[in-house]
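# Structural overview for review
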Amino acid sequence: MFLLVLALLPLVAFGTGQASDSTARADESARTATNGLPFPWSKVRLPNYIVPVHYHLLVHPNLTTLRFAGSAKIEIDVKNNTNWVVLHSKGLDITEATILDESEAHLSDRVLPVLEYPPHEQIAIFSPKILNSGEKYFLYLQFAAPLGSGYHGLYRGTYKTKAGQTRVLASTHFEPTSARMAFPCFDEPSFKANYSIRIRRQAPYISLSNMPIEQTVELANGLLEDHFDTSVQMSSYLVAFIVCDFKMVTGTTSSGVEVSIYAVPDKWHQTHYALEAALKILEFYEKYFNIYYPLPKLDLIAIPDFQSGAMENWGLNTYRETALLLDPATSSASDQLWVTMVIGHELAHQWFGNLVTMEWWNDIWLNEGFARYMEFVSVDATYPELRVEDYLLGTCFAAIGRDSLNSSRPISCTADNPTQIKEMFDTVSYDKGACILHMLRHFLTDEVFQSGIVRYLRKFRYKNAKNEDLWDSLANTCSEDEFTSGEYCYTGNQATKNAYRYTGEHMDLKAIMNTWTLQRGIPLVKVRQQGSKLFLTQERFVKTTHPSDPLWASLQKGFLWHIPLTYKTSHSQSDMRHLLDTQSGVLDLDENVDWVKFNSDMNGYYIVHYEGDGWERLSAVLRNNFTALTHKDRANLIHNAFQLVTAGQLSLNTALNLITYLQSETHNVPLIQGLGYLEAFYRMVEKRGLSDVTQNVKDFILQFFQGVIDRQTWSDRGSISDRRLRSEVLSLACDLGYPPCLKTAKQFFSDWRTSNGTVSLPGDVTETIFSIGAQEPEGWDFLLGRYTTCMSEAQKEKILSALATSQDPTKLIRLLYLGMEGQIIKNMELPSLIYGVARNPKGTVLAWNFVKNNWDKLVEKFQLGSSSIRSIIIGTTAQFSSKEELNDIKDFFESIKDQSSQLRVTQVALENVGKNIMWLEKNLETLRTWLIRTLTLLQKK
């Protein structure tokens, strides 16, 4: 009987290199397909004995029935004799499966059975005839499914026109493991293949995919079928196709690439800045990488329903509307910066990620860390007026915040199942990855760094790479025939010369960088100055366990970094360098110096503690001659000081005294850094109901920084940096109840409301104006009404943020449930909405209870392990600072143990709350005393 043979064959079907019969039988008993038969493959990763070569894909997204159907004819190479083909499929109804030989003749006269194993999102097709090693076959599958209601796979989206009509579209988002939700495929990054795609659609719509349309064929019933050119070799997660009714604006690069920006018709006028930026940045990358963009076109499309910021699908980048569209009438400086940086990120991926792809998701940082760093490199070159190098500091500060927790992870670490893979798309991969690349670039010099990454891209183009492949490309010599030009080739002598210039001896780049990518955490360098000698030690920097804790010593075991130190002194004319690759070391200076500052311009990824009187010496520099240090150095000192306070290694008095120089500060970056810490203290004590300390922090900020506050204008004038400072300072001043700020904001809101929203507001202070207006019931209702008709997503984002500041709990609850319902406020806004309500002292508990009560629905909407679920957990729990709240969080995580045990983010959440508790226990009285003393001195002045 056929079914009986089917049940027994898996025991021997794989042949060479497989487990013994007894092992195989044990595996099969534990792996049962949905029809009750044994599933022939036991691992989460696919077998490597069948390799896809070319997909011939037909898909018809039906925007009337909200379903899709299609077929996939996959050319496969067989490496070992087998009867089974195992690949990925999730949520698809496989209606037909056959296998064809090289001449496309059927190997069987019957439709082949399909076994499905949902826990691994895999299907298996049995061939009655053995598939022979070295021969070519075609796997043919027909499939159908509903268009997804979430944000992954092939899913439906909607938008409203100015006239209030609802329009429907179909779009894809496959990274990391959702291509299998749109068509059966070998959904792992190493299975690169070519794709020939056909999309069926109705006449009013257009279709887009990775490649240009080759031809359009008319079918029966008014259907059109677009045939796209065959793609280059690429991974399945980069495939994309869309059916919509959007409009576009187009330009062409100097090398002939056609670049188009697509948006809903009513927002077409918001696409022009993105086109300008995309053309500039794409041309920059072609020159920087010395490799032409390999496709004839690049589309960037703003999707109304989109969970991520953007996605780099080769030739068809998809974006959230706020990440691509810029409304000239309402956009702020931050909006412009955001759009430019996101475009820089996605276009970098066309080389890092698309042309060269990580072999497996454990090295996703090779994609995301590089793209994050190249944002800064590309935008600095193409839009120098944006001064993006200042924002790299914030990126590294964010990375340190995560990396200084005990629950941090190495940049490169194990990730097997889809939930673990999704969690790899985090601050460590993106921000820490970018920061160690920045450190490496300064370590090697710009020229050697650029040469090395060009070599890496050329060597592995259309292939997959691992962590060590990058270090080999940066460190090894190259031959002339590896390049079309010797311009980007450097010799071993040059590399050694560079190493000598840095450290005084030859370096092992792989050994150095492995200490940054294969172990978790960030180093703390302790510096003790004695005469002309500097005594150095390194240890792991951990904020959640203090040195006085008995556990502290165990957390230090086994950690050692090779740290490229840079430093300057009161007498030095340029930066000095030293590679610290031992637990301790001594530097001899040429003379006695007044002070020393390590990590010049924060080009390195480490914290520095100046022992003895080191911090007092630096404080004196800031008070007496702060321009002796660069603005980046000043911001770095402020950051390090307060990080050390949290870690129990520096007194709060020392850190607070350090920032008293800020009254004289002339640069915005250190000002924002110092204000940020004071605001954080204010939020923490306000939520704990510590009214005396709350009032004193408020009074200190408003008195000490009154000059800075009063200098701000309610306009969009000035540099990007000035405009960012204005936005931050006026928002905080109004939030603290500064009367002149409240008066001006109320007047702006009154005028705007009287005009029914037609009066133009300064973009940089619009959110502040809305937040003050939202405090009155009529203002809140008016803003919600405007939200439903507004055609600027950036302004809608500001409205939502303002609505979440209401002091009325009933309005906050209503807002959360509007986000859950998804009609007035789209579901995709829910994570940021929850965070906004949680930041509001009136909404902190409301938001946390909402998450607990709606957990299953949230996971269904956003997928376990996704960035949305992580931001929901972190955004709500990070507001807490008591042991009772910590126990409540633990109890909730225990109640969802099957899910919480799969997530790293739950440990992050618990550590964050524990950190808040420790900070208050150790520093509250110091803060209270310091504020009283300092306010008394201010009043005397």
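Given the structure is predicted, the values throughout are model-derived calculations rather than measurements.

Within the chain, the regular secondary structure consists of 32 helices and 28 strands. For the chain, the C-alpha radius of gyration of 29 Å lies close to 30 Å, the compact-globule estimate for 941 residues. By principal-axis analysis of the C-alpha atoms, the chain measures approximately 95 × 70 × 60 Å. Within the chain, buried positions represent 61% of all 941 residues. A sequence separation of at least 24 residues applies to 71% of the contacts in the chain between residues at least 6 apart. A total of about 35400 Å² of accessible surface is found on the chain, and carbon and sulfur atoms cover 48% of it. Put simply, the chain has 90 plus and 104 minus side-chain charges, and the middle of one group is 4 Å from the middle of the other.

Hydrogen bonds along the backbone pair up the strands of a sheet, which may run parallel or antiparallel. Pairing is antiparallel across the open sheet formed by three strands, whose spatial order is 25-24-27. If you trace the sheet from one side to the other, it starts and ends with strand 25 (576-580) and strand 27 (596-598), each paired once. Averaged over neighbouring strand pairs, the angle between their axes works out to 30° when direction is ignored. When strand 24 (residues 563-569) meets strand 27, the two strands line up antiparallel, connected through three bridges. If you follow tyrosine 567 over to strand 27, its bridge partner there is phenylalanine 598.

This next bit is on the pairing of strand 19 (residues 316-320). For strand 19, a buried count of five out of five residues is recorded, marking the element as mostly surrounded by other parts of the structure. With five bridges connecting them, strand 17 (residues 297-303) and strand 19 associate as parallel partners. Bridge assignment links isoleucine 303 to a residue of strand 19, and that residue is arginine 320. The turn linking strand 18 (residues 310-311) back onto strand 19 is made up of four residues, and glycine 315 within it adopts a positive phi angle of 85°.

Time to look at the confidence of the model for the chain. Across the chain, the average pLDDT comes to 92, with 94% of residues at or above 70. A low-confidence stretch, residues 1-29 (pLDDT under 50), is modelled with 35 contacts involving residues beyond four sequence positions or located in other chains. Under a pLDDT of 50 for its full length, residues 477-505 has, in the predicted model, 55 contacts with residues more than four places off or in other chains.

So, about the packing of aromatic side chains. Tallied over the entire structure, the rule returns 50 aromatic pairs. What links up through ring pairs into an aromatic cluster is the set Phe284, Tyr285, Tyr288, Phe289, Tyr293, Trp351, Phe352, Phe370, Tyr373, Phe449, Tyr456 and Phe460. Lying over the aromatic face of tryptophan 360, arginine 45 brings its terminal NZ or CZ to 3.7 Å of the ring centre. The cationic tip of lysine 73 hangs over the ring face of phenylalanine 138; the distance from NZ or CZ to the ring centre is 5.2 Å.

Bringing the nonpolar core into the picture now. Buried together is how nonpolar side chains tend to be arranged in soluble globular proteins. With 316 residues, the main nonpolar core has Phe183, Phe186, Leu300, Ile343, Leu347, Trp351 and Phe598 as its most contacted residues. At 13 residues, the largest contribution of residues to this core is made by helix 32 (residues 905-940). Discounting residues that sit within four places of it in the chain, isoleucine 343 has contacts with Ala274, Ala277, Ala278, Ile281, Leu300, Tyr319 and Leu324.

Attention shifts here to the pattern of salt bridges. Taken as a whole, this structure holds 44 salt bridges when the rule is applied. Among the salt bridges present, the one from glutamate 188 reaches arginine 45, with a minimum N-O distance of 3.7 Å. With glutamate 188 in the loop between strand 9 (166-173) and strand 10 (194-202) and arginine 45 in the loop between helix 2 (21-30) and strand 1 (50-62), this pair connects stretches of sequence that are 143 residues apart. On the basis of relative accessible area, arginine 45 is assigned to the partly exposed category, the value being 33%.

Along the chain, lysine 526 turns up in strand 22 (residues 523-530). A polar contact is formed between the side chain of lysine 526 and the side chain of glutamate 539, at a distance of 3.4 Å. When neighbours within four sequence positions are excluded, lysine 526 is seen to be in contact with Phe535, Leu536, Thr537, Glu539, His609, Glu611 and Gln649.

Bringing helix 27 (residues 844-853) into the picture now. Among the residues of helix 27, those classed as buried are Thr844, Ala847, Trp848, Phe850 and Val851. Here the buried residues of helix 27 occupy an arc of 155° about the axis, which is enough to place them on one side.

Summed over the entire model, instances satisfying the criterion amount to two disulfides. Across the disulfide from cysteine 396 sits cysteine 435; the S-S distance is 2.1 Å. Handedness here is read from the sign of the S-S torsion; for cysteine 396 and cysteine 435, about -115°, the answer is left-handed. With cysteine 396 in helix 6 (residues 389-403) and cysteine 435 in helix 8 (residues 427-444), this pair connects stretches of sequence that are 39 residues apart. Judged by relative accessible area, which is 4%, cysteine 396 ranks as buried. With a sulfur-sulfur separation of 2.0 Å, cysteine 734 is cross-linked through a disulfide to cysteine 741. Judged by the sign of its S-S torsion, about -100°, the bond between cysteine 734 and cysteine 741 is left-handed. The exposure class of cysteine 734 is buried, given its relative accessible area of 5%. Classification of cysteine 741 as buried rests on a relative accessible area of 3%.

The residue threonine 357 is located in strand 20 (residues 356-358) in this model. At a separation of 2.9 Å, a polar atom in the side chain of threonine 357 contacts the side chain of lysine 192. Here threonine 357 is in contact with Pro189, Lys192, Ser235, Tyr237, Asn367, Lys463, Asn464 and Ala465, once residues within four sequence places are set aside.

The end-to-end C-alpha distance of helix 15 (residues 631-646) is 23 Å, a good match for the 22 Å that 16 residues give at a rise of 1.5 Å each. The buried fraction of helix 15 is high, at 16 of 16 residues. Positive phi appears at glycine 648, one or two residues downstream of helix 15, with a value of about 75°.

Before going further, it helps to examine the sheet that holds strand 6 (residues 122-131). Strand order in the open sheet formed by three strands is 3-6-5, with antiparallel pairing between adjacent strands. The open sheet is flanked by strand 3 (82-88) and strand 5 (114-117), the only strands paired with a single partner. On average, each strand axis in the sheet is inclined to that of its neighbour by 25°, with strand direction left out of account. Pairing between strand 5 and strand 6: four bridges, direction antiparallel. Within strand 6, the residue paired with valine 114 across the bridge is isoleucine 125.

The subject of this paragraph is unusual backbone geometry. In this model, glutamate 175 is joined to proline 176 through a cis peptide bond whose omega is 0°. When you line up the elements, proline 176 lands in the loop between strand 9 and strand 10. Positive phi outside glycine occurs at asparagine 290, with the angle close to 55°. As for its position among the elements, asparagine 290 is in the loop between helix 3 (272-289) and strand 17.

Now for the environment of glutamate 860. Residue position: glutamate 860 is located in helix 28 (residues 855-862). Judged by relative accessible area, glutamate 860 falls into the exposed class, the value being 68%. Spatially, the C-alpha atom of glutamate 860 lies 23 Å from that of leucine 800, the residues being 60 residues apart in sequence.

Calculation rules
- Residues numbered from 1 in each chain as written.
- Predicted model: local features only at pLDDT ≥ 70, side-chain atom pairs only at ≥ 80, totals over all residues.
- Heavy atoms only, no water.
- Helix = DSSP H or I, 4+ residues; strand = E, 2+ residues; numbered from the N terminus.
- Rg over C-alpha atoms; globule rule 2.2 N^0.38 Å.
- Buried < 20%, exposed > 50% of the residue type's maximum accessible area, 1.4 Å probe, protein only.
- Contact = heavy atoms within 4.5 Å.
- Areas by Shrake-Rupley, 256 points an atom, 1.4 Å probe, with all protein chains shown as cover.
- Lys, Arg positive; Asp, Glu negative; His and termini not counted.
- Charge placed at Lys NZ, Arg CZ, Asp CG, Glu CD.
- Pairing = 2+ DSSP bridges.
- Axes fitted to C-alpha atoms, helices over the stretch in contact; angles between N-to-C directions.
- pLDDT = per-residue confidence, 0-100.
- Phe/Tyr/Trp six-rings, centres within 6.5 Å; stacked < 30°, edge-to-face > 60°.
- Lys NZ or Arg CZ within 6 Å of the ring centre and 35° of its normal.
- Core = buried A, V, L, I, M, F, W, Y, C linked by side-chain atoms within 4.5 Å.
- Salt bridge = Lys/Arg side-chain N within 4 Å of Asp/Glu carboxyl O.
- Polar contact = N/O pair within 3.5 Å; in protein donor to acceptor, adjacent residues only side chain to side chain.
- Arc of directions from axis to C-beta.
- Disulfide = S-S within 2.5 Å.
- Expected span 1.5 Å × (residues − 1).

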